[in-house]
Amino acid sequence: MAIRTMGPSGQYETGLDAAGAALPELLAPAGGLDQMLAAIAAGADAIYAGLGGFNARVSAHGFTDDEFARGCAVAHAHGVRVYVTLNVFVFDDELSDAVALGAHALELGADALIVADAGLACALRAAIPGVEIHLSTQAGAHSEGAVRLAADELGVERVTTARELTVDEIASLCGTGVPIEVFCHGAICIGYSGACEFSALRRGRSAMRGECTQPCRLAYDLVDEAGQSVVAVEGDRLLCPRDYLGIAHLPELVDAGVASLKIEGRMKNPDYVFNVVRVWRRALDMLCDGAWDPGAVEELERELGRSFNRGFTDAYLRGRSGAELMSFERAINQGVRVGRLVAVGHEEVTVELDAAVAAGDTLEIRFYPGADARPDVPKRWPQVPCPVDAAAGKRVVVHCKRKVDAGCEVYLIRSAGVLGQTATVLERMRAEADAVAPVERSVEVLPFEGVLADVDVPTELAGPAEPAKHEAFARMVFAWELMDVDPRDERDLSDATVVLDEVCRTGDADRTRSLTQRAGRVVCRNLGQVVIARELGVTFDVAAPVFCANRATLAWLRELGAGRVYLPAELLGNDAERIAELAAEPGVWGPVDADRPELMVCEHCLLTAEGVCATDATGQVRCRDCLRRRRVRYLVERDGTRLPVAVDACGRTRIFLS
């Protein structure tokens, strides 16, 4: 097995594919020591893990200091790097503790820190000379400008991009010369990472603080103004996407020049980590050896399906975000198809296999009542044990008491083989971890109070924050709404403050530039927009998802040239006492969307739940001309709460607080 390591600069020192292109690092998740050991055994090049409370998966299994130090020692013995996630937004009273935790992680053996909060990045840079910092996807870097700004102004060595990007967009970001990390496998948040306040505003637990309640996995209805359901798809998980699967695009991602392929899953079990990492390792080694075969992709995907998944999709990489992205029926493990029922007897069924199974595997039989069945006849998806080993093409008889019909598909949802192989590997790796002597490092922490220094604020901005001070300046308009009222981008906006969109991808740049040039003032909600405003010399403010929770971030934003800084709605709603000093700073204002707080924005069009989209004569979907967008729609929660829905001319969905 080829071992590939990355140097401190973020560039690969070894490892080329058959064509001479640098192979990306394979980055694996670890929620605890067993997961870390499983990833090492399976062939990961690097591991990311949380340590302490400042990470976006606070409920992951976690490490003791001794476990983490031993895990790092084993990793380094195998040429594997370790990154620690400090990827939440921190308050002023936490900044010192977060810096101390970062230093402690480095002392225990971590090689780099993954950070989302700009103020924390500045503090770490000031306090720990030479620290390697990677920018989390929570920071919302979607464009070349945002990537360059992060590298130049924050000094990060690597940027993790949004899952929503296409292969071509990823290639353009790699063209900046900044090492780019992309997700390649695992769960997807339906909302843009770093731009979702759904959990915070509806459940009081913030995704920005690692406490997301996963509202996107719950059941909803979509109704019209009269309260009538308009859902046409099977299922009620209207915000639940399938899992990301990019393995078919591996050669393209390598050609694009990505630095790292990231597997999601710090909440997953060791068997998930072991199986997923080893399959991706096999794929990378095939590419390295010149043995890549597109025909092998189906088998690789089948092997990946033996671990937890909600069904798979590569829609984003192909520039798609419609119903094919979604898992409307279920938010739990879907497994992988292994056959169908060909006969049903008394408390037993016969399965004809199209993939191998093993004794001890758990199989799920997916029974759907026929079209002529009574409405009250339920679906039945019984889970049954597989009694024997059997190859593809064979038939096996399985015990099943529940009512099912011939023709039902059969899925493997728990692989005895994967569990057994993982247990064997962990026994060996635990022995290695018990025998290793952790290497203690000395990390000097310098004072970093300078990052909190006051920055001159224009006189017009002086005064305390107010939740909604829109009347104090020119009329405020939102860019996504202007797409419909000003489709040709010709309206005079010189007397307006334009609130730019939360998303700023490469395809959004021209429109963003036009709006910025015509506006009297703009509110940037993405780092890429800050770059455009600075280039044009336009007065700009910032608002979430450019997230500000501490005075270090405020100072950094002011140094960039920001005027007003709008605080996120969730902070004033849930953490008002903790941010009282920040809110009282000159030029700090209440939420930019105070009149209509936004819960999330997503690339997926929620209206596809109403049925197949209309297309034009060329077969293309034209969101701008969609009649559904003109109709009133509400997303309805189980308690009856109606949340207004708006879909813009790009097909992006916004969900608002009722």
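Our subject is the structure that appears above.
Owing to the predicted nature of the structure, the values given are computational and were not obtained by experimental measurement.

### Some details on the pattern of salt bridges
Reasoning step 1: Within this structure, the stated rule accounts for 54 salt bridges.
Reasoning step 2: Between R306 and E303 there is a salt bridge, with its nearest N and O atoms 3.5 Å apart. Neither residue differs from the other here; R306 and E303 are each classed as buried.
Reasoning step 3: The structure contains a network of salt bridges with shared partners spanning D501, E502, R511, R525, E598, D648 and R654.

### A closer look at empty space enclosed by the protein
Reasoning step 1: Under the counting rule described, the total for this entry stands at five cavities of 30 Å³ or more.
Reasoning step 2: Here the largest cavity is characterised by a volume of approximately 200 Å³.
Reasoning step 3: Every residue lining the largest cavity is counted, 24 residues in all, and those nearest its centre are A139, L527, P545, V546 and F547.
Reasoning step 4: No other element matches helix α15 (residues 551-560), which puts three residues into the lining of the largest cavity.
Reasoning step 5: Considering only residue class, the lining of the largest cavity consists of 15 nonpolar, seven polar and two charged.
Reasoning step 6: Surrounding the second largest cavity, 13 residues form its lining, A195, E197, R525, P545 and E598 being those nearest its centre.
Reasoning step 7: Class assignment of the residues belonging to the lining of the second largest cavity gives a composition of seven nonpolar, one polar and five charged.

### Considerations on the sheet that holds strand β12 (residues 336-345)
Reasoning step 1: On the basis of which strands lie adjacent, the open sheet formed by six strands has the order β15-β14-β17-β12-β13-β16 and antiparallel pairing. In the strand order of this sheet, the two ends are held by β15 (383-385) and β16 (395-399), each with one partner. Neighbouring strand axes in the sheet, compared pairwise and without regard to direction, differ in orientation by 40 degrees on average.
Reasoning step 2: Here five bridges tie strand β13 (residues 348-353) to β16, and the two strands are oriented antiparallel to one another. Residue V349 lies in a different strand from β16, and its bridge partner there is V398.

Thresholds, definitions, all that
- Residues numbered from 1 in each chain as written.
- Predicted model: local features only at pLDDT ≥ 70, side-chain atom pairs only at ≥ 80, totals over all residues.
- Heavy atoms only, no water.
- Salt bridge = Lys/Arg side-chain N within 4 Å of Asp/Glu carboxyl O.
- Buried < 20%, exposed > 50% of the residue type's maximum accessible area, 1.4 Å probe, protein only.
- 1 Å grid on protein atoms, 1.4 Å probe; cavity = no way out; pocket = protein on both sides within 12 Å on 5 of 7 lines; lining within 4 Å.
- Points joined across faces, edges and corners; volume = space filled by probe spheres on them.
- Helix = DSSP H or I, 4+ residues; strand = E, 2+ residues; numbered from the N terminus.
- Nonpolar A, V, L, I, M, F, W, Y, C, P; charged D, E, K, R; others polar.
- Pairing = 2+ DSSP bridges.
- Axes fitted to C-alpha atoms, helices over the stretch in contact; angles between N-to-C directions.

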